Amino acid sequence: MAWEWDAAAYGRLRLPHELWGRRAIARLALTGTETVLDAGCGTGRDTAVLLEALPRGRVVAVDASAAMLDQLRARLPDSGRLTVLQSDLGDPLPVAGPVDAVLSVAALHWIADHRRVFDNLAAVLRPGGRLAVDCGGHGNIASVQAALAAVLGEAPQVWNFATPAETERRLAAAGFVDIDARLRAEPARFDDPAALHDYLEVVLGAHLARLGVDERAAFVRAVAERLPRPAVDYVRLEIHARRAA
Ligand SMILES: C[S@@+](CC[C@H](N)C(=O)[O-])C[C@H]1O[C@@H](n2cnc3c(N)ncnc32)[C@H](O)[C@@H]1O
């Protein structure tokens, strides 16, 4: 990754990610004994939910960001049921032994090459194991992207908001079956300008990292002022699939 997250600020925000995570975890239909990989686990919000859902199971939490993993370790007590790994999902994963299922929430749209990620996840998933993903999909935050392009003077090149059709093709090529990929529009409206500002700071993190600290608030305000309404127009890509048996 070319920049580092403000993991403490991310962890403090009340984000719809929690709902997205719960939906994706429900798609895994866990029985409580499985080993689940949380791919792009961040500060460990879903890792904690997984550990609760797996009283006799284990979680392997993977993220490329040291700052995010520091927050995760502070959140979750050291237990024999959790393994934390710093690794890039675009590289082969250093996971010992196959996992029964893979969860990924709000992470894959940060990665340009989804085919490589799906190959790497398939390589550590047992035959027949489930994959449940939530990430930004085609059309995600279109009004934020337009506002950002107006401020930057060029289209932002940070995110990979894939379509269901290209995702289904990539998953099939990586050895997945029973594939379901669909978009869900889920706009978040903010009547409090401070809350919108805090939200945009997270969404625009990759751009803010290139600015001086004293320039960041003005940049976020400039983007917020160009939004047609005080809202972040999320479109989620929801994926469910199995690794071929
Ligand atoms: C928006 S956060 C989501 C974190 C968590 N899943 C959640 O829902 O709160 C995106 C996460 O993806 C991770 N990430 C982005 N690119 C990655 C990559 N190439 N390999 C591993 N993790 C990556 C980031 O470090 C970050 O923790």
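Okay, so let's go over this structure.

The rules we used
Residues numbered from 1 in each chain as written. Predicted model: local features only at pLDDT ≥ 70, side-chain atom pairs only at ≥ 80, totals over all residues. Heavy atoms only, no water. Helix = DSSP H or I, 4+ residues; strand = E, 2+ residues; numbered from the N terminus. Buried < 20%, exposed > 50% of the residue type's maximum accessible area, 1.4 Å probe, protein only. Contact = heavy atoms within 4.5 Å. Areas by Shrake-Rupley, 256 points an atom, 1.4 Å probe, with all protein chains shown as cover. Phe/Tyr/Trp six-rings, centres within 6.5 Å; stacked < 30°, edge-to-face > 60°. Lys NZ or Arg CZ within 6 Å of the ring centre and 35° of its normal. Near = heavy atom within 4 Å. Polar contact = N/O pair within 3.5 Å; in protein donor to acceptor, adjacent residues only side chain to side chain. Arc of directions from axis to C-beta. Pairing = 2+ DSSP bridges. Right-handed = clockwise from strand over helix to strand, strands pointing away. Axes fitted to C-alpha atoms, helices over the stretch in contact; angles between N-to-C directions.

**Details of the overall build of the chain**
Within the chain, the regular secondary structure consists of ten helices and nine strands. In terms of its C-alpha atoms, the chain occupies a principal-axis envelope of roughly 50 × 40 × 30 Å. Per-residue burial over the chain gives 51% buried out of 245 residues. Partitioning the intrachain contacts of the chain with sequence separation of at least 6 by distance along the chain shows that 77% fall at a separation of at least 24. Counting every atom, the chain has about 11200 Å² of accessible surface; 50% of that belongs to carbon and sulfur.

**Considering the packing of aromatic side chains**
Under the defined criterion, the tally for this structure stands at five aromatic pairs. An aromatic cluster is defined as three or more aromatic residues linked by ring pairs; in this entry it consists of Trp20, Phe190, Tyr199 and Tyr234. If you follow arginine 236 out to its NZ or CZ, it ends over the ring of tryptophan 20, 3.5 Å from the centre.

**A closer look at the site of the ligand**
As a structural note, the neighbourhood of the ligand is formed by 21 residues, with Tyr10, Gly40, Asp63, Leu89 and Val105 the closest of them. Aspartate 63 is positioned with one of its side-chain polar atoms (N or O) 2.5 Å from an oxygen atom of the ligand. Between the ligand and the protein, one listed contact pairs a nitrogen atom with a side-chain N or O atom of aspartate 88 at 2.9 Å. Burial of the ligand by the surrounding chains reaches 97%, relative to a free accessible area of 590 Å².

**Quick notes on helix α4 (residues 66-75)**
Within α4 the residues assigned to the buried category are Met68, Leu69 and Leu72. Around the axis of α4, the buried residues are gathered within 95° of arc, so they sit on the same side. Where α4 begins, the capping side chain belongs to serine 65, and its oxygen is found 3.4 Å from the backbone nitrogen of alanine 67.

**Some remarks on the pairing of strand β3 (residues 82-86)**
Note that strand β2 (residues 58-63) and β3 share five bridges and pair parallel. Residue valine 60 lies in a different strand from β3, and its bridge partner there is threonine 83. With respect to chirality, the unit in which β2 leads through α4 into the neighbouring parallel β3 is right-handed.

**Section: the sheet that holds strand β6 (residues 176-185)**
Spatially, the seven strands line up as an open sheet ordered β3-β2-β1-β4-β5-β9-β6, and their pairing is mixed. Both edges of this open sheet fall to β3 and β6, since each of them pairs with a single strand only. The sheet shows a mean angle of 15° between the axes of neighbouring strands, direction not considered. Relative to β2, strand β1 (residues 35-39) runs parallel, the two sharing five bridges. Its bridge partner lying in β2, threonine 35 is registered against arginine 58. Of the strands in this sheet, β2 and β3 touch α4, which is tilted by about 165° from β3. Packing against the sheet, helix α7 (residues 164-173) makes contact with β5 (125-136), β6 and β9 (235-243), and its axis sits at approximately 160° to β6.

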